[in-house]
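Topology and contacts: notes
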Amino acid sequence: MHWDMRALGPRDRYKIIGSCIVPRPIAWISSLSADGVPNLAPFSFFNAMGNDPPILAIGMVKSATAGFKDTAANIRDTGDFVVNLVKAEHAALMNATSADLPPEIEEAALAGVQMEASLCVSAQRVADAPVAFECRTVHYIETGPCQVTVLAEVLMAHVADQFVTDPDRIHFDIEAMDMVARMHGAGWYSRQTNLFEMLRP
């Protein structure tokens, strides 16, 4: 079948994009509003886009209640944030922070997520995330009504000690991190448990 994306409504376009581009890593983004209110929310339109400088890209769609999502507004106003990656142990906590709450509500505190200070940015990071990237915005692009793509430089990378197998060679035990990814539909996720290796020619 064929679908003319130009003829579909936003919900149907989302269903096609979100169902077919899988698995997607989850950026559990901690940010701080201009008034100093912390925010923590997950986004799966996310990936790495370069290494010199190290660039991450995050897409944020319109809020379910209209307007910019709190994370998008915070990044617009402050320019920095932290991308925390999500281990399976944190899946329920991550899901709890996806609720559409008023800007004055601190999702991390409500869900019981332990946070700690970052080294380079104002936003805190998830204390026991397997990986956290402190980021500074390079480009903030409005791609549609209250829809945003953020390109950001990674200033500081944190990898939990138990997953570092060789610090000199910068090797990690990725399987032990047991990270989750977003799949199709309203509530489907995956764990990366069926891996295979294929070396480039």
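Attention here is on the structure that accompanies the text. What you see as residue numbers is a count from 1 along each chain, following the sequence as written. The predicted origin of the model limits local features to residues at a pLDDT of at least 70 and limits the giving and counting of side-chain atom pairs to 80 or more, whereas totals for whole chains, interfaces and linings rest on all residues. Only hydrogens and water are set aside; all other atoms, that is, all heavy atoms of the structure, feed into the side-chain values.

Further remarks concern the pairing of strand β10 (residues 147–159). Pairing geometry for strand β5 (residues 54–60) and β10, over six bridges, is antiparallel. If you follow L56 over to β10, its bridge partner there is A152. Bridge count for strand β9 (residues 131–144) against β10 is twelve bridges, and the pairing is antiparallel. Bridge pairing in β10 places C135 opposite V154. We treat two strands as partners when DSSP finds at least two bridges between them. Where helices and strands are cited, they refer to DSSP runs of H or I of at least four residues and of E of at least two residues respectively, numbered from the N terminus.

A few words on the sheet that holds β5. One open sheet accounts for seven strands, arranged β3-β2-β6-β9-β10-β5-β4; its pairing is antiparallel. The sheet terminates laterally at β3 (38–43) and β4 (46–51), the two strands that pair on one side only. Between one strand and the next, the sheet's axes are offset by a mean angle of 30°, whatever the strand orientation. As paired elements, strand β2 (residues 27–32) and β3 share six bridges and run antiparallel to each other. Within β3, the residue paired with S30 across the bridge is L40. Sitting on the sheet, helix α2 (residues 70–78) is in contact with β2, β3, β5, β6 (80–84), β9 and β10, with an inclination near 50° to β2. Inter-axis angles, ranging from 0 to 180 degrees, are taken between N-to-C directions of lines fitted to C-alpha atoms, where helices are fitted over the stretch in contact. Throughout, a residue-residue contact means that at least one pair of heavy atoms, one from each residue, lies within 4.5 Å.

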